[in-house]
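Topology and contacts: notes
Letter by letter, the chains look like this.
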Amino acid sequence: MDQKVYDLINDQINKELYSAYLYLSFADYYADEGLDGYANFYEIQAQEERDHALIFRKYLLENDCVPKLKAIDAPDKTFNDFLAPLEAALEHEKYVTSLINDIYAAAVSVNDYRAMQFLKWFIDEQMEEEDTARDMITKMQLFGDDKRSLFELNQQLAGRVYSVPTPLQGE
Ligand code: MG
């Protein structure tokens, strides 16, 4: 594997684990505020991010490369209202999209068609992640000021369940 492609994929393991850590901190905030549904949503989001890290790890191992695990940064955000974590989530997902695009660009530059094919799942996933993040912002903006509506939004998110992402199924 090309060194730059390797380095970026290896870094992405770290970035995805950081995402898991970041979303766990969002879950902590909402749990502390009594919004258990939002906390549940971000706990599951954290599990998904850990899975993303495992997918990149698996790709390296299956291509005869050994991951080099690095230290994970601590999330440092504090929030003043229920909307703030949702906005931070969208900003973060846009950043992750840019990282995936950078890996893809590196793969293109060395004609690494296998990596391009592998990254396709993440390109689609990022569109979904951004769409979901935007939807949660919109709903909070529309209904968040009304306590009954907020209660219902929270109830909906309490119903989110974890499922194993396709690239890890059968592991
Ligand atoms: Mg991710």
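Structure's up top.
Read on for a plain summary of the structure. Keep in mind it's a predicted model, so treat the numbers as computed, not measured.

**Some thoughts on the overall build of the protein**
For the protein, the count of helices and strands is five helices and zero strands. Scanning the protein from its N terminus toward the C terminus, one meets helices and strands in the order α-α-α-α-α. Its C-alpha radius of gyration of 17 Å places the protein within 12% of the 16 Å reference for a compact globule of 171 residues. With respect to the principal axes defined by its C-alpha atoms, the protein has extents near 55 × 30 × 25 Å. Taking the intrachain contacts of the protein between residues at least 6 apart in sequence as the baseline, contacts between residues at least 24 apart amount to 83%. Looking at the protein as shown, the accessible area adds up to about 9,800 Å², and 49% of this sits on carbon and sulfur atoms. A distance of 4 Å separates the average location of the 16 positive side-chain charges in the protein from that of its 33 negative side-chain charges.

**Some words on unusual backbone geometry**
Phi at Asp-64 is positive, roughly 60 degrees, even though this residue is not glycine. Tracing the sequence through the fold places Asp-64 in the loop between α2 (36-62) and α3 (83-109). For Asp-64, a relative accessible area of 74% gives the class exposed. A positive phi angle is found at Asn-111, which is not glycine, with a value near 55 degrees. Mapped onto the elements of the fold, Asn-111 is located in the loop between α3 and α4 (113-143).

**A short note on the nonpolar core**
Most often, soluble globular proteins have nonpolar side chains that are buried together. Ranked by internal contacts, the top residues of the largest apolar core, which has 25 residues, are Tyr-23, Phe-26, Tyr-30, Tyr-38, Tyr-42, Leu-86 and Met-136. Mapped by element, the contributors of at least two residues to this core are α1 (3-33), α2, α3, α4 and α5 (147-158). Per element, the largest residue contribution to this core is seven residues, and it comes from α1. Setting aside chain neighbours within four positions, we find Tyr-23 in contact with Tyr-42, Gln-45, Ala-46, Glu-49, Ala-89, His-92 and Glu-93. Core analysis: the second largest hydrophobic core is formed by 21 residues, Val-5, Val-96, Ala-106 and Ala-107 among them.

**Structural notes on a negative patch on the surface**
Together, Asp-28, Asp-32, Glu-33, Asp-36 and Glu-43 make up a region of like negative charge exposed at the surface. By residue number, the principal contributor to the negative patch is α1, which donates three residues. Tracing the sequence through the fold places Glu-33 in helix α1. Given a relative accessible area of 39%, Glu-33 falls into the partly exposed group.

**Here's the deal with the coordination of the magnesium ion**
Every protein donor of the magnesium ion is listed here as Glu-16 (OE), Glu-49 (OE) and His-52 (ND1), and their distances to the metal cover 2.1 to 2.2 Å. Sequence spacing among the residues donating to the magnesium ion works out to E-x32-E-x2-H. Of this pair, Glu-16 sits in helix α1 while His-52 sits in helix α2, placing them 36 residues apart in sequence. Across this residue pair, the class does not change: Glu-16 and His-52 are buried.

**Describing α4**
With 31 residues, α4 ought to run about 45 Å at 1.5 Å a step, and its terminal C-alpha atoms sit 45 Å apart, in line with that. Its axis deflected by about 30 degrees at Leu-119, α4 carries its strongest bend there.

What counts, and at which threshold
- Residues numbered from 1 in each chain as written.
- Predicted model: local features only at pLDDT ≥ 70, side-chain atom pairs only at ≥ 80, totals over all residues.
- Heavy atoms only, no water.
- Helix = DSSP H or I, 4+ residues; strand = E, 2+ residues; numbered from the N terminus.
- Rg over C-alpha atoms; globule rule 2.2 N^0.38 Å.
- Contact = heavy atoms within 4.5 Å.
- Areas by Shrake-Rupley, 256 points an atom, 1.4 Å probe, with all protein chains shown as cover.
- Lys, Arg positive; Asp, Glu negative; His and termini not counted.
- Charge placed at Lys NZ, Arg CZ, Asp CG, Glu CD.
- Buried < 20%, exposed > 50% of the residue type's maximum accessible area, 1.4 Å probe, protein only.
- Core = buried A, V, L, I, M, F, W, Y, C linked by side-chain atoms within 4.5 Å.
- Patch = residues over 30% accessible without salt bridge, like charges linked within 9 Å, V, L, I, M, F, W, Y side chains within 5 Å.
- Salt bridge = Lys/Arg side-chain N within 4 Å of Asp/Glu carboxyl O.
- Donors = N, O, S within 2.8 Å, 3.2 Å for Na, K, Ca; no water.
- Expected span 1.5 Å × (residues − 1).
- Bend = angle between axes of the 7 residues up to and from the residue.

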